[in-house]
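The lines below spell out each chain.
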Amino acid sequence: MNGPKLRSSQGCWTCRLRRKKCDEARPVCVACGGLEIDCHYSDAKPEWMDGGVREKQMADEVKVMVRRKATERREKKWGLLPTVSDLSPHAQAQAQPRGESQSADHPMGGAGGPSPSVDGSGDLNPLSTGTATSAASPSLAGTSTASSPPSLDGSLVRPTTDSFPENKSEIEVTFTMIYLDYVVPFLFPFYRPCLLESSRGWMLLLLMKNRALFHTALSLANWLYSVILDSMDGAHGSCKQANWSELQAHQEIAIQALQEDIQALNERGVANAFRECISCMQSVIQLLEFEIANQASTSNWQVHHDAAVVLFDQVLTNHVTTADGSVQIKTDTPWMHIMERIGYPFQRIPIGADKRVLTSDQSAWRFYTAYLVWVDIIAATATGDVPRLRKYHAELLHGEKPRISLAEYVGCHSWAMLELTEVAGLAAWKRAQQSSGSLSMMDLVRRACAIDTRLRQKMETLDLSHGDRASNIYDPSAHHPVTPYAGFVEMGGGAMPGFNGMQQSPAADLHTRIWAQATITYLHVIALGLQPTLPEIRVSVEATIELLRALASPLAVRTLVWPFAVTGCLALPEQEPFFVELVTSMGAFQVFGTVKEALNIMQNVWQHRNTGCIDPQMWDLATCFSLLGHCSLLV
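Here goes a summary of the coordinates provided. (Residues numbered from 1 in each chain as written. Predicted model: local features only at pLDDT ≥ 70, side-chain atom pairs only at ≥ 80, totals over all residues. Heavy atoms only, no water.)

Focus: the overall build of the protein chain
The following threshold applies: Under the scheme used here, helices are H or I runs from DSSP no shorter than 4 residues and strands are E runs no shorter than 2 residues, and both carry numbers assigned from the N terminus. Each residue gets one of three labels from its accessible area relative to the maximum for its type: buried under 20%, exposed over 50%, partly exposed in between, using a 1.4 Å probe on protein chains only. Note on contacts: a residue pair is in contact if any heavy atoms of the two residues lie within 4.5 Å. Throughout, the Shrake-Rupley method with a 1.4 Å probe supplies accessible areas, and for residues the shown protein chains are the sole cover considered.
Tallying secondary structure elements over the protein chain gives 23 helices and two strands in all. Split into buried and exposed, the 635 residues of the protein chain put 54% on the buried side. Contacts in the protein chain between residues far apart in sequence, at least 24 positions, make up 73% of those at least 6 positions apart. If you sum the accessible surface of the protein chain, you get close to 27,600 Å²; carbon and sulfur atoms cover 55% of it.

Topic: the pattern of salt bridges
We apply this condition: The term salt bridge refers to a side-chain nitrogen of Lys or Arg lying within 4 Å of a carboxyl oxygen of Asp or Glu.
Scanning the model with the defined rule gives 18 salt bridges in all. Asp-443 serves as the salt-bridge partner of Arg-447, at 3.4 Å between the closest nitrogen and oxygen. One end of the pair is Arg-447 and the other is Asp-443, both in helix H17 (residues 441-459) and four residues apart, which spans about a single turn. With relative accessibility at 33%, the residue Arg-447 sits in the partly exposed group. Among the salt bridges present, the one from Asp-452 reaches Arg-456, with a minimum N-O distance of 2.8 Å. Of this pair, Asp-452 and Arg-456 both sit in helix H17, four residues apart, which is roughly one turn of the helix. You can call Arg-456 partly exposed: its relative accessible area is 38%.

Focus: the packing of aromatic side chains
Our working definition: Within 6.5 Å between ring centres, the rings of Phe, Tyr and Trp (the latter by its six-membered ring) count as paired, and their orientation is classed by plane angle as stacked under 30 degrees, edge-to-face over 60, tilted in between. To sit over a ring, a charge needs its Lys NZ or Arg CZ within 6 Å of the ring centre and within 35 degrees of the ring normal.
One pass over the structure, following the stated rule, counts 21 aromatic pairs. A centroid spacing of 5.0 Å and a plane angle of 75° characterise the contact between Phe-188 and Phe-367, whose relative ring orientation is edge-to-face. On the criterion of sequence distance, the pair formed by Phe-188 in the loop between helix H6 (168-187) and helix H7 (201-209) and Phe-367 in helix H13 (residues 360-383) is long-range, its members being 179 residues apart. The exposure class of Phe-188 is buried, given its relative accessible area of 6%. Note on Phe-367: relative accessible area 4%, which makes it buried. Summarising the aromatic geometry, the rings of Phe-367 and Tyr-368 are spaced 5.3 Å apart at their centres and angled 85° between planes, so their arrangement reads as edge-to-face. This pair shows no difference in class: Phe-367 is buried, exactly as Tyr-368 is. A connected cluster of aromatic rings, assembled from ring pairs, spans Phe-188, Tyr-191, Trp-202, Phe-367, Tyr-368, Tyr-371, Trp-374, Tyr-409, Trp-515, Tyr-522 and Trp-562. When the ring centre of Trp-429 is taken as reference, the NZ or CZ atom of Arg-447 above it lies at 4.2 Å.

Examining the side chain of Ser-283
The following threshold applies: Think of a polar contact as two N or O atoms within 3.5 Å of one another; within protein, one of them needs to be a possible hydrogen donor and the other a possible acceptor, and neighboring residues in sequence only count if both atoms come from side chains.
Take Ser-283: it is sitting in helix H10 (residues 274-294). Within the structure, Ser-283 has its side chain in polar contact with the side chain of Asn-210 (distance 2.9 Å). With sequence-adjacent residues up to four places away left out, Ser-283 is seen in contact with Asn-210, Ala-212, Leu-213 and Leu-258.

Examining the packing of H7 against helix H8 (residues 211-230)
Our working definition: Every angle, taken between N-to-C directions, lies between 0 and 180 degrees, and every axis is a line fitted to C-alpha atoms, over only the stretch in contact when it is a helix. The classification used treats Ala, Val, Leu, Ile, Met, Phe, Trp, Tyr, Cys and Pro as nonpolar, Asp, Glu, Lys and Arg as charged, and all other residues, Gly among them, as polar.
Here H7 crosses H8 at 115°, and the two axes come no closer than 6 Å. From H7, Leu-206, Leu-207 and Lys-209 reach across to H8, where they touch Arg-211, Leu-213, Phe-214 and Ala-217. Classifying every residue of the contact of H7 with H8 gives five nonpolar, no polar and two charged.

A word on the environment of Cys-280
Here Cys-280 is to be found in helix H10. Separated by 21 residues in the primary sequence, Cys-280 and Gln-259 have C-alpha atoms spaced 9.8 Å apart.

Here's the deal with the nonpolar core
Which entries qualify depends on this criterion: Side-chain atoms within 4.5 Å link the members of a nonpolar core, which is a set of buried Ala, Val, Leu, Ile, Met, Phe, Trp, Tyr and Cys residues.
Counting residues in hydrophobic clusters, the biggest one holds 154 residues, and the most contacted among them are Trp-365 and Phe-625. Per-element tally for this core: the top contributor is H13, with 15 residues. In this structure, Cys-12, Cys-15, Cys-22 and Trp-48 belong to the second largest nonpolar core, which totals 16 residues.

Things to note about H10
Formally: How far a helix is expected to stretch is found by multiplying one less than its residue total by 1.5 Å.
The end-to-end C-alpha separation of H10 is 31 Å, in line with the 30 Å expected for 21 residues at 1.5 Å each. Most of H10 sits inside the fold, with 20 of its 21 residues counted as buried. Following H10 by one or two positions, Gln-295 adopts a phi angle in the positive range, close to 50°.

Regarding empty space enclosed by the protein
Unoccupied space between atoms shows up once a probe the size of one water molecule is rolled over them. Inclusion rule: Put plainly, a pocket is an open set of points on a 1 Å grid over the protein atoms alone with protein on both sides within 12 Å along at least five of seven lines, a cavity is a set where a 1.4 Å probe fits but cannot get out, and a lining residue has an atom within 4 Å of a point. Grid points are joined across faces, edges and corners, and a volume is the space filled by probe spheres set on the points.
As enumerated under the stated definition, the model contains eight cavities of 30 Å³ or more in all. Here the largest cavity defines a volume of roughly 250 Å³. For the largest cavity, the lining is made up of 19 residues, of which Leu-187, Ile-292, Trp-374, Arg-558 and Val-635 are closest to its centre. Secondary structure elements with two or more residues in the lining of the largest cavity: H6, H10, H13 and helix H15 (407-410). Broken down by class, the residue content of the lining of the largest cavity amounts to 14 nonpolar, three polar and two charged.

Points about helix H20 (residues 561-569)
By the criterion of burial, H20 is predominantly enclosed, with nine of the nine residues buried. If you check which residues of H20 are buried, you get Val-561, Trp-562, Pro-563, Phe-564, Ala-565, Val-566, Thr-567, Gly-568 and Cys-569.

Observations concerning the environment of Ser-360
Within the fold, Ser-360 resides in helix H13. Once the C-alpha coordinates of Ser-360 and Gly-201 are considered, the two residues, 159 residues apart in sequence, prove to be 7.3 Å apart. Excluding residues that lie within four positions of it along the chain, Ser-360 makes contacts with Trp-202 and Leu-205.

Next comes the structure, spelled out in structure tokens:
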């Protein structure tokens, strides 16, 4: 009978330091080679193995190296995706036309996404996706296993099908519902679509059709689950490890599925693949959403944003046709024509003055358009450029009843985001004028005053006054993520949900006021420089802080990260503790999203200011948002 296997005393010093089993392979053991870290072999005991301070310091350095290498492997994996140039009009012009229909073995066809199957137990598995390394893509299979990510404690994770003791299909169904019932309401608390507009059922249908999006959704569900587990005072260690393994496995499958989808799209050509192009765009946006939520790789968002914008632009450039897709047309409302084509042959039946019954695909198109337009505007403030989708704002965001009401998705009225677009454009204009040496301060001030006047006039139309408290209104963003989806709360009078207003409207007014006030601060920085002590900036910062104090819960800050960061970067020393305490009050959920990153940016700005390293006329918010060594997207 075999006894327990003893730990070898001849293993490398790195494994001994990490208290891990070593296979004693030389010159590099399997454990160190898999993690891509230094493997220390020597007959003599290293000086740092002193059982004291030096050994602890070395152990910390190894942990940092493990995490850094894991991030590098993940970013290399993203580099395997086809580049944006592959989706450019020039590249697509070389593609050979093919039929609109897909073959059965196409990775985005019915067999490529989650489909009904029977697992080993004989139970019907409605969300089965097959294996991650199919025979159809051997090269991708190789890249999937080449760089396994680290676990929570830094050790190498090899995801297995029995990470959880339950049946695999049951786990996928469970986490699908966690995504729909908890993740989506937590990420988009203001998104409460009308029942007759297909409600949120389109999300489940989309998950069943799109394999990349399905596994990214499961990754988000596992991430929220792991954050909740981490808040339990160190308990449930085995569950944390299994959950983390599941997250990494789903992420790798999502990456692989997107690789296959984009490759197939390149082969067909964007101009010849209407629904496939939209599906790829949605997958990329969902991956962008995941990267923002877990901050796993802070440099990937620009790749995702760039690809999503290109795909969106290509759809509206190549597929604006009659509803049946037979004749290409020119129009000032390309987005609406795409909307009609997506729903063809179904007619959009009116159900109110400004609402119609939507198909699931139409609801998905609206949702991902709203999210991408919002992200694109905020990204422009970080990169210092004009929003890339600005040319579509007139159709999507303008008017009293815009086609895309951002308040229904992110809690901020569309007009406020339009004014933020104008301020970002002013910042880009100023930078270009400075580079050419032709900046006119009078022209700059004149443009800034015009935007400031419009903002203040529109803020007066909001219902919420400075004296109101958010605790007196229904604010969906204040709810803890373990609170189930609550649906609509009627205003009274028996009105059908989604027609005569909801109790969340005052909350949207408060959130919009916060966005608008932070935009005024941003505008003052452009006109006057990064000078917190100036009266105009100081008054605007104080006003925003008071509005933030009015929030019903610190959790609401997760939907206000950009205004929170702008205000914090311009805070005076005596105001700094407010921002730290607000983030601390969020507990474990400060890492779900970019709130913690926003606080890190503020603290770096404060440190630079205290050491006299800030030139008020040369620094702007784009400079602040790059202090962590990368361009931060604060959504």
